[in-house]
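What the coordinates show
Here's the letter readout for the chains.
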Amino acid sequence: KNEVEQSPQNLTAQEGEFITINCSYSVGISALHWLQQHPGGGIVSLFMLSSGKKKHGRLIATINIQEKHSSLHITASHPRDSAVYICAVGGNNNDMRFGAGTRLTVKP
Amino acid sequence: KAGVTQTPRYLIKTRGQQVTLSCSPISGHRSVSWYQQTPGQGLQFLFEYFSETQRNKGNFPGRFSGRQFSNSRSEMNVSTLELGDSALYLCASSGGTSGRGSTDTQYFGPGTRLTVL
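By convention here, each chain's residues receive numbers from 1 onward along its written sequence. As a convention, the first chain written is A and the first ligand written is 1, with the rest following in written order. Only residues with pLDDT of at least 70 are given local features in this predicted model, and only at 80 or more are side-chain atom pairs given and counted; all residues enter the totals for whole chains, interfaces and linings. For the side-chain quantities, the full set of heavy atoms in the structure was used; hydrogens and water were omitted.

**Some details on the overall build of chain A**
Selection criterion: Each helix is a run of H or I in the DSSP string that is no shorter than four residues. Each strand is a run of E no shorter than two, and both are numbered from the N terminus. We compute the radius of gyration over the C-alpha atoms and compare it with the globule rule, which gives 2.2 Å times the number of residues raised to the power 0.38. Contacts are assigned to residue pairs that have any heavy atoms within 4.5 Å of one another.
Summing up its helical and strand segments, chain A has zero helices and 11 strands in all. Written out in order from the N terminus, the α and β elements of chain A read β-β-β-β-β-β-β-β-β-β-β. For 108 residues, the compact-globule estimate of 2.2 N^0.38 gives 13 Å, and the C-alpha radius of gyration of chain A, at 13 Å, lies within 12% of that figure. Structurally, chain A occupies a C-alpha span of about 40 × 30 × 25 Å along its principal axes. If you take every contact in chain A between residues at least 6 apart in sequence, the share linking residues at least 24 apart comes to 54%.

The structure is reproduced here in structure tokens:
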């Protein structure tokens, strides 16, 4: 079993829909990161969180440390949100462990 | 501020050769991490440097090595290339203010796509 599990693997939505991507982990962490990767490879860090909830524009990230679970929500999705979303956990030894990613396609 | 830059962007090598990839972090950032991304394994952590010291290394063979210079620029080297080393190699920099690269927001470079023939 992978240390970082993401679901779903693939997600197709209509423009305007509310989207949730889930991440569960089985190791001790110091922080959890949500990353966005567009075709071509460029990766952008969306959030880093160690507790609670963060919001940036239409994106919301939450984490439950006790349940070892995090969610990324996108409100009012738009075709430009189409990308691969990757959950990564920062370990206590400066290492990073990654989920396999969720490929999101938002159709107009 | 200029972003993280990586050179070269594309590279083709043959088995048995060695390769050196370069990463220039955002000005002021002291932590540089390297990652390998392949279709089969996804993203994997290679190593992290802070102030010229390697703070942690991922589960890769000794053919993979790196270093960081006093200006925070970093290089990684892969010796005796194998077909399986074909991948996108990404570096990311962070301020290092938290004392751990894994707990700072990371800024990724565009990557170097290495093809081993």
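**Considering the sheet that holds strand β1 (residues 5–7) of chain B**
All names here are of chain B. Note the threshold: At least two DSSP bridges between two strands are required for those strands to pair. In this description, a line fitted to the C-alpha atoms serves as the axis of each element, helices being fitted only across the stretch in contact, and the angle between N-to-C directions of two axes falls anywhere from 0 to 180 degrees.
Here we have four strands laid out as an open sheet, ordered β1-β3-β8-β7, and antiparallel in their pairing. In the strand order of this sheet, the two ends are held by β1 and β7 (64–68), each with one partner. The sheet shows a mean angle of 20° between the axes of neighbouring strands, direction not considered. With three bridges joining them, β1 and strand β3 (residues 19–24) adopt antiparallel strand pairing. From the neighbouring strand, Gln 6 faces β3, where its bridge partner is Cys 23.

**Thoughts on the pairing of strand β11 (residues 112–116) of chain B**
Residues and elements named next belong to chain B. For the record, the criterion: A 1.4 Å probe rolled over the protein chains alone gives each residue an accessible area, and that area as a share of the maximum for its type sets the label: buried under 20%, exposed over 50%, partly exposed in between.
Here β11 shows one buried face, formed by Thr 112, Leu 114 and Val 116, and one open face, formed by Arg 113 and Thr 115. Direction of pairing for strand β2 (residues 10–13) relative to β11: parallel, over a ladder of four bridges. The partner of Leu 11 across the bridge, within β11, is Leu 114. Note that strand β9 (residues 87–94) and β11 share three bridges and pair antiparallel. Of the residues in β11, the one forming a bridge with Tyr 89 is Thr 112.

**Regarding the sheet that holds strand β8 (residues 69–74) of chain A**
Residue and element names in this part refer to chain A. One open sheet accounts for five strands, arranged β1-β3-β8-β7-β6; its pairing is antiparallel. On the outer flanks of this sheet lie β1 (4–7) and β6 (52–56), each paired with one strand and no other. In this sheet, neighbouring strand axes are inclined to one another by 15° on average, regardless of whether the strands run parallel or antiparallel. Where strand β3 (residues 19–25) and β8 come together, six bridges link them in antiparallel fashion. By the bridge assignment for β8, Ile 19 is matched with Ile 74.

**Topic: the state of the cysteines**
All names here are of chain A. Where we set the bar: Throughout, a disulfide means two cysteine sulfur atoms within 2.5 Å of one another.
A full pass over the atoms with the stated rule returns two disulfides over all chains. The residue that forms a disulfide with Cys 23 is Cys 87, at a sulfur-sulfur distance of 1.9 Å. Linking Cys 23 and Cys 87, the disulfide has an S-S dihedral of approximately -60° and is accordingly described as left-handed. Pair noted here: Cys 23 is in strand β3 and Cys 87 is in strand β9 (residues 83–90), with a separation of 64 residues, a long-range link. By relative accessible area, Cys 23 is classed as buried at 0%.

**Some remarks on the interface of chain A and chain B**
Heads up, the condition is: Note on terms: buried area is the combined drop in 1.4 Å-probe accessible area of two parts once they are placed together, counting the loss on both. Should a side-chain nitrogen of Lys or Arg be within 4 Å of a carboxyl oxygen of Asp or Glu, the pair is scored as a salt bridge. Residues adjacent in sequence count toward polar contacts only when both atoms are side-chain atoms; beyond that, a polar contact is any pair of N or O atoms within 3.5 Å, and within protein one must be able to donate a hydrogen and the other to accept it.
Each partner contributes to the interface: chain A provides 18 residues, whereas chain B provides 19 residues. Of the roughly 1600 Å² buried between chain A and chain B, counting both surfaces, carbon and sulfur atoms make up 56%. When the buried surface of chain A facing chain B is broken down by residue, Ile43(A), Asn94(A) and Phe98(A) rank first, second and third, together holding 38% of it. Remark: the boundary between chain A and chain B carries zero salt bridges. At the junction of chain A with chain B, the criterion picks out one residue pair in polar contact (both at pLDDT 80 or more). Going through the elements one at a time, β4 (31–37), β5 (43–49), β9 and β10 (96–98) of chain A are the ones with two or more residues in the side of chain A that touches chain B.

Just distances and angles here, no functional claims.
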